[in-house]
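Topology and contacts: notes
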Amino acid sequence: MTPSAPVPRLFGPSFAARPDDAYDLLRAAGPVAWAEIADGVHALVVTGRRAAVDVVTDTDTYSKDSRLWEALQQGRVPADSPVLALMAYRPSLLYADGERHARLRRAMDDCLRRINMHELREITRRHALRLIDDFAGEGRAELMSQYADMLPLLVFTDLLGCPPELVERMVTGCQGMINAGPEAAQGAADLAQCLAEIIAMKDGSPGRDCTSWMLAHPARLTHEEILHQLVVLVGAGTIPTSAWIASGLRLLLSDDHYAGDLTAGAVTVRRALEQVLWTQSPMANFSVHFARHDTALHGVPVPRGVPILISHAATGTDPALPPLGYDNRSHLAWSAGPHRCPADSQAAAIAQTAIETLLDQLWDLELGAGGGANRPGPFHQCPATLAIRFRPRPADASLTPTASTGGSRVQRTPDSRPHRKAPL
């Protein structure tokens with residue numbers, strides 16, 4: 001079933017520039033309404049928070065198994081549609097229900113719990129310093145391509161035990177998959193190939209990394225299951241975190257409510273990151289479900305086998321919500337129910353460390369021109385670009401190793417250290 005009248009499009013330049021216009025149109029049609037998420041691909045999109053909670057928690061009515069997608073099974077979704085990279089079925093926990101999901105989720109949760117959070121912050125800081133060093137002397141940077149896009153992916157290559165020769169391939173493949181553009185299918189295939197090579201390597205030579213822990217887990221996952229588990233971990237743990245970093249930085253540097261409080265350090269950064277989860281959810285429209293049978297959601301007919309996307313972006317700004325304040329964490333940016341994101345703590349550690357490190361290293365930091373539009377695509381909400389200006393690092397600054405991080409830290413002579421406009 002498809003809508004009989006034109007509906008909002010959740011992709012393309014117009015949506016990227018003004019996503020709220022599309023969400024307003026969807027809200028006007030009800031708490032759940034039809035939208036076009038790619039050329040010729042339609043879905044129901046939930047913008048009301050109460051309706052969204054009902055979908056993600058009612059496992060008797062709604063399934064995550066995309067083999068129920070009737071339009072896809074009937075050949076009515078273009079074979080090259082960019083949304084298939086994230087919506088077509090794979091044998092991972094993202095598309096599983098019931099006991100099978102519980103088994104895969106236990107393995108994922110157990111492996112994530114083994115990540116030492118202190119070490120994770122140190123890994124993030126080490127990679128952040130190296131990325132910053134590449135542009136610190138220039139006085140300007142484009143933070144999406146030079147920092148926010150790269151940092152979470154580099155961190156995850158460490159967490160997975162990825163050898164250096166595969167890092168660039170993994171980064172390129174993951175970005176292509178999530179962007180839901182023409183390169184999505186190839187990106188997904190390239191990422192899967194990289195992960196298969198890592199699994200084969202770790203099967204014979206395990207280490208202290210998520211891949212090895214998954215191979216050794218008592219759930220006895222097959223190599224295929226591990227591969228698809230890791231695709232989910234990388235895809236869901238990197239690109240949304242990149243968007244979170246970028247949107248958090250943009251908010252801190254553009255909102256007067258934060259500019260005067262940057263001396264508060266971590267408290268201010270964490271508050272800004274929580275505001276982003278409410279107002280600019282990194283995963284804009286996702287958590288795909290399918291009704292097991294014809295039903296109704298808050299009075300709106302929901303046919304069996306139609307994709308139902310939760311608009312995490314729209315539910316956070318639902319006008320029906322009372323004024324909860326941004327310190328309240330009842331938003332749905334992490335989803336809810338059995339498929340709630342298992343790596344929220346790890347993502348928060350990476351995002352907060354990334355922002356704090358950048359603010360600590362760059363001085364007289366300001367936003368550059370542009371940066372208002374998001375990247376196109378229905379799934380994520382991420383600045384297309386994020387240009388900044390700052391005082392270049394003095395020529396006599398140097399990087400010296402530190403025992404605490406095993407990496408490097410900028411050392412400036414006292415008289416070369418400039419003043420920030422807003423001290424940190």
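Residues numbered from 1 in each chain as written. Predicted model: local features only at pLDDT ≥ 70, side-chain atom pairs only at ≥ 80, totals over all residues. Heavy atoms only, no water.

1. A word on the overall build of the chain
Rule in force here: The numbering of helices and of strands both runs from the N terminus, where a helix is a DSSP run of H or I of at least 4 residues and a strand a run of E of at least 2. Each residue's exposure class comes from its accessible area (1.4 Å probe, protein chains only) as a fraction of the maximum for that residue type: buried when under 20%, exposed when over 50%, partly exposed otherwise. In what follows, residue pairs with any heavy atoms lying within 4.5 Å of each other are defined as contacts. Per-residue and other accessible areas follow the Shrake-Rupley method at a 1.4 Å probe size, with only the shown protein chains counted as cover for residues.
The secondary structure content of the chain amounts to 17 helices and 12 strands. Buried positions account for 57% of the 424 residues belonging to the chain. The contacts of the chain with a sequence gap of at least 6 include a subset with a gap of at least 24, amounting to 71%. Carbon together with sulfur atoms contributes 52% to the accessible area of the chain, which is approximately 17,800 Å² in total.

2. Describing the sheet that holds strand 8 (residues 307–311)
Rule in force here: Think of it this way: DSSP has to see at least two bridges between two strands before they count as a pair. Lines fitted to C-alpha atoms define the axes here, with helix axes fitted over just the stretch in contact, and angles between the N-to-C directions of these axes take values from 0 to 180 degrees.
Strands sit in the order 1-2-8-5-3 across an open sheet of 5 strands; the sheet is mixed. The sheet is open, and its two edges are formed by strand 1 (32–38) and strand 3 (62–63), each paired on a single side. In the sheet, strand 1 pairs with strand 2 (residues 41–46) via 6 bridges, with the strands oriented antiparallel. Opposite Ala38, over in strand 2, you have Val41 as the bridge partner. Where helix 2 (residues 19–28) meets the sheet, its contacts fall on strand 1, strand 2, strand 5 (285–291) and strand 8, and the angle it forms with strand 1 comes to roughly 145°.

3. Observations regarding the pattern of salt bridges
We apply this condition: We count a salt bridge whenever a side-chain nitrogen from Lys or Arg sits within 4 Å of a carboxyl oxygen from Asp or Glu.
In the structure shown here, the tally under the stated rule is 21 salt bridges. Asp39 is the partner of Arg9 in a salt bridge, and the nearest nitrogen-oxygen pair spans 2.7 Å. With Arg9 in the segment before helix 1 (13–17) and Asp39 in the loop between strand 1 and strand 2, this residue pair connects regions lying 30 residues apart in the sequence. Taken together, the shared-partner salt bridges in this structure form one network comprising Arg9, Glu36 and Asp39.

4. Re the packing of aromatic side chains
Our working rule: Working definition: rings of Phe, Tyr and Trp (its six-membered ring) pair if their centres are within 6.5 Å, and the pair is stacked with planes under 30 degrees apart, edge-to-face with planes over 60 apart, and tilted otherwise.
Evaluated as defined, the whole model comprises 6 aromatic pairs. Here Trp244 and Trp334 contribute two aromatic rings whose centre-to-centre distance is 5.4 Å and whose plane-to-plane angle is 80°, an arrangement assigned as edge-to-face. Here Trp244 is found in helix 13 (residues 223–254), whereas its partner Trp334 is found in the loop between helix 16 (312–315) and helix 17 (344–361), with 90 residues between them in sequence. Accessibility classification places Trp244 together with Trp334 in one group, the buried group.

5. Quick word on helix 17
Spelled out, the test is: To estimate how far a helix should extend, the number of its residues minus one is multiplied by 1.5 Å.
Taking 1.5 Å per residue as the helical rise, helix 17 with its 18 residues ought to reach 26 Å, and the 26 Å between its terminal C-alpha atoms agrees with that figure. By the criterion of burial, helix 17 is predominantly enclosed, with 15 of the 18 residues buried.

6. Remarks on the environment of Leu365
Among the structural elements, Leu365 can be located in strand 9 (residues 363–367). Classification of Leu365 by relative accessible area gives buried; the value is 16%. The spacing of Leu365 and Arg391 is 26 residues in sequence and 7.2 Å in space, taken between C-alpha atoms. Among all residues touching Leu365, those that are not within four sequence positions of it are Leu253, Leu359, Ile388, Arg389 and Phe390.

7. Side note on the side chain of Lys202
Secondary-structure assignment places Lys202 in helix 11 (residues 184–204). Judged by relative accessible area, Lys202 falls into the buried class, the value being 12%.

8. Topic: the nonpolar core
Put simply, the test is: Buried Ala, Val, Leu, Ile, Met, Phe, Trp, Tyr and Cys residues form a nonpolar core when they are joined through side-chain atoms within 4.5 Å.
Among the nonpolar cores identified, the biggest contains 82 residues, and Phe135, Leu143, Tyr147, Met170, Leu195, Trp244 and Leu362 are the most heavily contacted of them. The biggest single contributor to this core is helix 13, with 15 residues. Apart from residues no more than four positions distant in its own chain, Tyr147 is found in contact with Ala128, Leu131, Ile132, Phe135, Glu142, Ala354, Thr357 and Leu358. Grouped together as the second largest cluster of nonpolar side chains are 29 residues, Ala38, Val41, Val77 and Met87 included.

9. Focus: the packing of helix 9 (residues 150–159) against helix 13
The line we're drawing: By definition, any crossing whose near helix is turned counterclockwise from its far helix by less than a right angle is left-handed, and any crossing with a clockwise turn is right-handed. All amino acids are sorted into three groups, where Ala, Val, Leu, Ile, Met, Phe, Trp, Tyr, Cys and Pro are nonpolar, Asp, Glu, Lys and Arg are charged, and the leftover types, Gly among them, are polar.
At their nearest, the axes of helix 9 and helix 13 sit 8 Å apart, and the two run at 150° to each other. Between helix 9 and helix 13 the crossing geometry is right-handed. The residues of helix 13 that touch helix 9, namely those facing Pro152, Leu153 and Phe156, are Leu233, Val234, Gly237, Thr238, Thr241, Ser242 and Ile245. Along the lines of polarity and charge, the residues of the contact of helix 9 with helix 13 split into 6 nonpolar, 4 polar and no charged.

10. Looking at the confidence of the model for the chain
Selection criterion: For every residue, the predictor states its confidence as a pLDDT score lying anywhere from 0 to 100.
Per-residue confidence for the chain gives a mean pLDDT of 88, with 89% of residues at or over 70. Per-residue pLDDT stays below 50 along residues 399–424; that stretch engages in 59 contacts with residues further than four places along the chain or on separate chains.

11. Some remarks on the pairing of strand 8
Most of strand 8 is tucked away: 5 of the 5 residues are buried. The side-chain alternation of strand 8 yields two buried faces, one formed by Pro307, Leu309 and Ser311 and the other by Ile308 and Ile310. As paired elements, strand 2 and strand 8 share 3 bridges and run parallel to each other. Residue pairing in the sheet places Val46 in a bridge with Ile310 of strand 8. Note: strand 5 against strand 8, 4 bridges, orientation antiparallel. Directly across from His289, in strand 8, lies its bridge partner Ile308.

12. Looking at helix 11
As a reminder of what qualifies: Arc, as used here, means the arc of the directions from the helix axis to the C-beta atoms.
Given a rise of 1.5 Å per residue, 21 residues ought to cover 30 Å, and the 31 Å separating the end C-alpha atoms of helix 11 matches this to within 8%. Those residues of helix 11 not exposed but buried are Ala184, Gly187, Ala188, Leu191, Cys194, Leu195, Ile198, Ile199 and Lys202. The buried residues of helix 11 occupy an angular sector of 140° when projected down its axis, which confines them to one face. Structural note: helix 11 exposes Ala185, Ala200 and Gly204 on the side pointing more than 90 degrees away from its buried face.

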